[in-house]
Amino acid sequence: MKHVPIVIALLITCSLYSQETNSDTFWERLQQLCGKSFEGKLIVPENDAQFGGKALVMHVRSCTDTVIKIPLFVGDDKSRTWVLTYVNGLIELKHDHRHQDGSPDETTMYGGTASNPGKAQVQVFPADAFTAELIPAAATNIWWITVNETELTYNLKRVDTPRQFTIVFDLTKAIDNPGPPWGWTDN
C-alpha cells in the first residue's frame, strides 16, 4: 500500500505528458486536408494589385509528420508555397517563393515560428530575425492561420501600418488539384 501514492503520481504525470497540445490539434487538422485543393477568396484588401480578381487556390500537397507544404496559386502564378514545420511542439511558417524556372526568388523563406502552442484553431507566427534582415519593412509582420471544419484563413498584419491581408478558403468543397508549383520536386 505504501507504493500506491507513487503509482498514482506516475499515472498523473504520464497522462499530463501524453495530453495533446493545441499545436498538435492544429497540425492534425492540417494533416486531414493533405492531398486536397480548395478555392479561396481575397477578403482584405479587396482590390490588391497582385491578388485581386484572380483565382486563388491552395493545395495541401505534401504532408509528413514534421513538414506540410501548401502551394498557393494566384491565377497563373505558381510561385508561392507555404512551408509549415512542426518542431519541439511549435509550428513554423515559411514562405518559399520560386521563379518559373524553379530557382528561388531572392525574397524567399521568410516567416516566423509560433511563440507558444496557440489555440487548436489558430496559430500565430511573428516575423523572425531572418525575415527582419531579409525584408526590413516586414520586421513587424504577424501571420496567422485559422482552420476549422469549414474554412482555412491565411492572414497577415504589419503592426503600426495599414498593411493587412486575408484570404479565406472554403474547405467544404474540394476542387481538382492544380498540378505542381514552380520548382516542385517530389523527394
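Check the entry above for the structure.
Let us look at the structure shown here. (Residues numbered from 1 in each chain as written. Predicted model: local features only at pLDDT ≥ 70, side-chain atom pairs only at ≥ 80, totals over all residues. Heavy atoms only, no water.)

## A word on the overall build of the chain
The cut-off we apply is this: Strands are runs of DSSP state E lasting at least two residues, helices are runs of H or I lasting at least four, and both sets are numbered from the N terminus onward. Partly exposed describes any residue whose relative accessible area lies between the buried limit of under 20% and the exposed limit of over 50%, with all areas from a 1.4 Å probe on protein chains only and scaled to the type maximum. Any pair of residues with heavy atoms lying within 4.5 Å of one another is described as a contacting pair. Accessible surface is estimated by sampling points in the Shrake-Rupley manner with a 1.4 Å probe; for residues, cover comes only from the protein chains shown.
The secondary structure content of the chain amounts to three helices and 11 strands. What you see in the chain, going N to C, is helices and strands ordered as α-α-β-β-β-β-β-β-β-β-α-β-β-β. Scored against the burial criterion, the 187 residues of the chain give a buried share of 35%. Long-range contacts, defined as pairs at least 24 residues apart, comprise 45% of the intrachain contacts of the chain with a sequence gap of at least 6. About 10600 Å² of surface is accessible on the chain, with carbon and sulfur atoms providing 54% of the total.

## Let's talk about the side chain of Thr131
Quick note on the threshold: Whenever two N or O atoms come within 3.5 Å, that pair is a polar contact, provided that in protein one can donate a hydrogen and the other can accept it, and provided that, for residues adjacent in sequence, both atoms are side-chain atoms.
Relative to the assigned elements, Thr131 resides in helix H3 (residues 129-134). On the basis of relative accessibility, which here comes to 0%, the residue Thr131 falls in the buried class. A distance of 2.8 Å separates the side chain of Thr131 from the side chain of Asp128, its partner in a polar contact. What Thr131 contacts, discounting residues up to four positions off in sequence, is Tyr110, Gly111, Pro136, Ala138 and Trp143.

## Focus on unusual backbone geometry
Look at the link from Val44 to Pro45: it is a cis peptide, with omega at -15 degrees. On the secondary structure map, Pro45 appears in the loop between strand E1 (37-44) and strand E2 (56-59). The phi dihedral of Asn88 is positive, around 50 degrees, even though this residue is not glycine. The topology assignment puts Asn88 in the loop between strand E5 (77-87) and strand E6 (90-97). Phi at Met109 takes a positive value of approximately 65 degrees, unusual for a residue other than glycine. Among the secondary structure elements, Met109 is positioned in the loop between E6 and strand E7 (110-113). Judged by its relative accessible area of 32%, Met109 is partly exposed.

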